[in-house]
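In case you want the letters, here they are:
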Amino acid sequence: MDGRQFADEYAKKVLKSRCKVFIERYERLPVLNSIVVGEHPAIRSYVRVKERYFDRLCMVSKNHFLPEKTSEQEVLSLLRQLNEDSTVDGILVHMPLPDHINEEIVIENIVTEKDVDGLSPKNIYAWVKDLPGLIPATALAAFALLKYYRIPIKGKHAVVIGRSTVIGKPVAHLVLREDATVTICHSKTKKLGFHTTKADILISAVGKPHLVNKEMVKPNAVVVDVGINKKNGKIVGDVDFKSIKDKVSYITPVPGGVGPVTVAMLASNLLLTFELQQHDSDENIQASLRRYYTTFDDFYRDSNP
Ligand code: NAP
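Note that this is a predicted model, so its numbers are computed, not measured. Along every chain, residues carry numbers that run from 1 in the direction the sequence is written. Residues qualify for local features only when their pLDDT is at least 70, as the model is predicted, and side-chain atom pairs are given and counted only at 80 or more; totals for whole chains, interfaces and linings, by contrast, use all residues. Calculated side-chain values reflect all of the structure's heavy atoms, with hydrogen atoms and water omitted.

1. Quick look at the site of the ligand
Move 1: Around the ligand sit 21 residues in total, of which Arg-163, Ser-164, Ser-187, Gly-207 and Thr-262 are the nearest.
Move 2: Throughout this description, a polar contact denotes any pair of N or O atoms lying within 3.5 Å of each other; where both atoms belong to protein, one of them has to be capable of donating a hydrogen while the other can accept it, and for residues adjacent in sequence the pair is counted only when both atoms sit in side chains. Between the ligand and the protein, one listed contact pairs an oxygen atom with a backbone N or O atom of Ile-228 at 3.0 Å.
Move 3: Notes on the ligand: free accessible area 940 Å², of which the protein chains cover 70%.
Move 4: Only DSSP runs of H or I with at least four residues qualify as helices, and only runs of E with at least two residues qualify as strands; both kinds are numbered from the N terminus onward. If one sorts the elements of the shell around the ligand by residue count, helix 10 (residues 258–277) sits on top with three residues.
Move 5: Residue classes follow a fixed rule: Ala, Val, Leu, Ile, Met, Phe, Trp, Tyr, Cys and Pro count as nonpolar, while Asp, Glu, Lys and Arg count as charged, and any other residue, Gly among them, counts as polar. For the shell around the ligand, the residue count by class is nine nonpolar, 10 polar and two charged. Whether a residue is near a molecule or strand depends on its heavy atoms: it is near if one of them lies within 4 Å of it. In this description, accessible areas are obtained by the Shrake-Rupley approach with a 1.4 Å probe, and a residue is regarded as covered only by the protein chains that are shown.

Okay, here's the thing in structure tokens:
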């Protein structure tokens, strides 16, 4: 499953035209503000990919790189400023944050309508309850690849490895919503391979290089590898791609799989938050949110994987 192709086609067929309409209607460009605390090579590389993609779409991506020793109060004060700034349409706080900063408190302080990564309490409530709301971009990306490649989900057994709020849990909800039977595995799961070999769809979001090997997958399974790890100076996923690729029917590479789609979903979420900023009633906000997910269905129907 080719994430770069997805990101390219989605930009051409959906994002460019929607962005153009919004820029004409609202007479300015959509603006994302991201906060990065400390030095993280993986985050820096994500930020670079994001900037290139956003440039193509005439979206503004502004980054606040803060030193590792930045206090929680300083991050919260920047967030307050961005929440109140009417020229800021989306806010993204890159995780992980240093240990002295409470991630929950930070996330709770992002205003719901600017929360492009769908992690604020109201957005989490929405995706857990299947209500319209913003969904974390990486989870949305893993799910989007399944839909793009027209992988049947209903009635299938999906196994998700990882239970983080940003990936594991929301992606499990997304496939559950499509009537998959879902097993969630984590670090305390005994005999991981026992579960993964039962998976028609296996989604790994752990962060351990080559955790999943050939013996752990069912023949003809669909494998989505969300992990990004460094091994011998190279970026690799959680899945041993080389040994598995001939055994399964579909698999995402790392790099070039979920990563580029995550950036596309982030851009898509930003366009939504841009639209939400223009509404002054909850009714209009809910209507935009409901409309948003139908645009994906149109794209999957007309896509050309
Ligand atoms: P996280 O918060 O550290 O969560 C990792 C999850 O993996 C946890 O639920 C943990 O279980 C579980 N786990 C750890 N070791 C395990 C093992 N040996 N067997 C089974 N489960 C195990 O990480 P995250 O933020 O969800 O990110 C996961 C991966 O996705 C990372 O590699 C990250 O770099 C990558 N990522 C990719 C993208 C993209 O665009 N492709 C974007 C963001 C992140 P416990 O809950 O029990 O601790």
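2. Here's the deal with the pattern of salt bridges
Move 1: A pair is scored as a salt bridge if a Lys or Arg side-chain nitrogen falls within 4 Å of a carboxyl oxygen belonging to Asp or Glu. A full pass over the atoms with the stated rule returns 13 salt bridges.
Move 2: Between Lys-218 and Asp-200 there is a salt bridge, with the nearest N and O atoms lying 2.8 Å from each other. One end of the pair, Lys-218, is in the loop between strand 6 (201–204) and strand 7 (222–225); the other, Asp-200, is in the loop between helix 8 (192–196) and strand 6, and 18 residues separate them in sequence.
Move 3: With a shortest N-O distance of 2.8 Å, Arg-291 and Glu-275 are connected by a salt bridge. With Arg-291 in helix 11 (residues 282–302) and Glu-275 in helix 10, this pair connects stretches of sequence that are 16 residues apart.
Move 4: Only protein chains enter the accessibility calculation, which uses a 1.4 Å probe. A residue is then buried if its area is under 20% of the maximum for its type, exposed if over 50%, and partly exposed in between. For Glu-275, a relative accessible area of 7% corresponds to the buried category.
Move 5: Among the ionic contacts, a cluster of salt bridges with common partners joins Asp-8, Lys-12 and Arg-56.

3. Observations concerning helix 5 (residues 121–128)
Move 1: Here helix 5 has its buried residues at Asn-123, Ala-126 and Trp-127. Taken around the axis of helix 5, the buried residues stretch over an arc of 90 degrees, which confines them to a single face.
Move 2: Residues are treated as being in contact if the distance between any of their heavy atoms lies within 4.5 Å. Those residues of helix 5 hidden inside the fold are in contact with helix 7 (168–177). Arc, as used here, means the arc of the directions from the helix axis to the C-beta atoms.

4. What to know about the packing of aromatic side chains
Move 1: Side-chain rings of Phe, Tyr and Trp, where Trp is taken by its six-membered ring, are said to pair if the distance between their centres is within 6.5 Å; with planes under 30 degrees apart they count as stacked, over 60 as edge-to-face, and otherwise as tilted. Within this structure, the stated rule accounts for 16 aromatic pairs.
Move 2: Following the ring pairs from residue to residue traces out a cluster consisting of Phe-6, Tyr-10, Tyr-148, Tyr-149, Tyr-250, Tyr-292, Tyr-293, Phe-296, Phe-299 and Tyr-300.
Move 3: Whether a charge sits over a ring comes down to the Lys NZ or Arg CZ being within 6 Å of the ring centre and within 35 degrees of the ring normal. Here Lys-198 stacks its cationic end above the ring of Phe-194, 3.9 Å away from the centre of that ring.

5. Description of helix 3 (residues 72–84)
Move 1: Taking 1.5 Å per residue as the helical rise, helix 3 with its 13 residues ought to reach 18 Å, and the 18 Å between its terminal C-alpha atoms agrees with that figure.
Move 2: Looking at helix 3, one finds that the buried residues are Val-75, Leu-76, Leu-78, Leu-79 and Leu-82. Along helix 3, the residues classed as buried sweep out an arc of 160 degrees about the axis, all on the same side. Away from its buried face, by an angle of more than 90 degrees, helix 3 presents the exposed residues Gln-81 and Glu-84. What a helix should span is 1.5 Å times the count of its residues minus one.

6. Observations concerning the layout of surface pockets
To find leftover empty space, one rolls a probe the size of a water molecule over the atoms.
Move 1: In this analysis a 1.4 Å probe is tested at points of a 1 Å grid over the protein atoms alone, and where it fits but cannot get out there is a cavity; an open set with protein on both sides within 12 Å along at least five of seven lines is a pocket; lining residues have an atom within 4 Å of a point. Grid points are joined across faces, edges and corners, and a volume is the space filled by probe spheres set on the points. The computed volume of the second largest pocket comes to approximately 340 Å³.
Move 2: Forming the boundary of the second largest pocket are 20 residues, of which Ile-135, Phe-143, Leu-174, Arg-177 and Tyr-293 lie nearest the centre.
Move 3: Elements supplying a minimum of two residues to the lining of the second largest pocket: helix 5, helix 6 (137–148), helix 7 and helix 11.
Move 4: The biggest single contributor to the lining of the second largest pocket is helix 11, with six residues.

7. A few points about the side chain of Thr-262
Move 1: With respect to the helices and strands, Thr-262 occurs in helix 10.
Move 2: Classification of Thr-262 as buried rests on a relative accessible area of 5%.
Move 3: With sequence-adjacent residues up to four places away left out, Thr-262 is seen in contact with Tyr-46, Ala-137, Thr-138 and Ala-141.

8. Here's the deal with the environment of Lys-214
Move 1: Position of Lys-214 relative to the elements: it lies in the loop between strand 6 and strand 7.
Move 2: On the accessibility criterion, Lys-214 (38% relative accessible area) is partly exposed.
Move 3: Counting along the chain gives 148 residues from Lys-214 to Leu-66, while the straight-line C-alpha distance between them is 42 Å.
Move 4: For Lys-214, the contacting residues outside a window of four places in its chain are Ser-243, Ile-244 and Lys-247.

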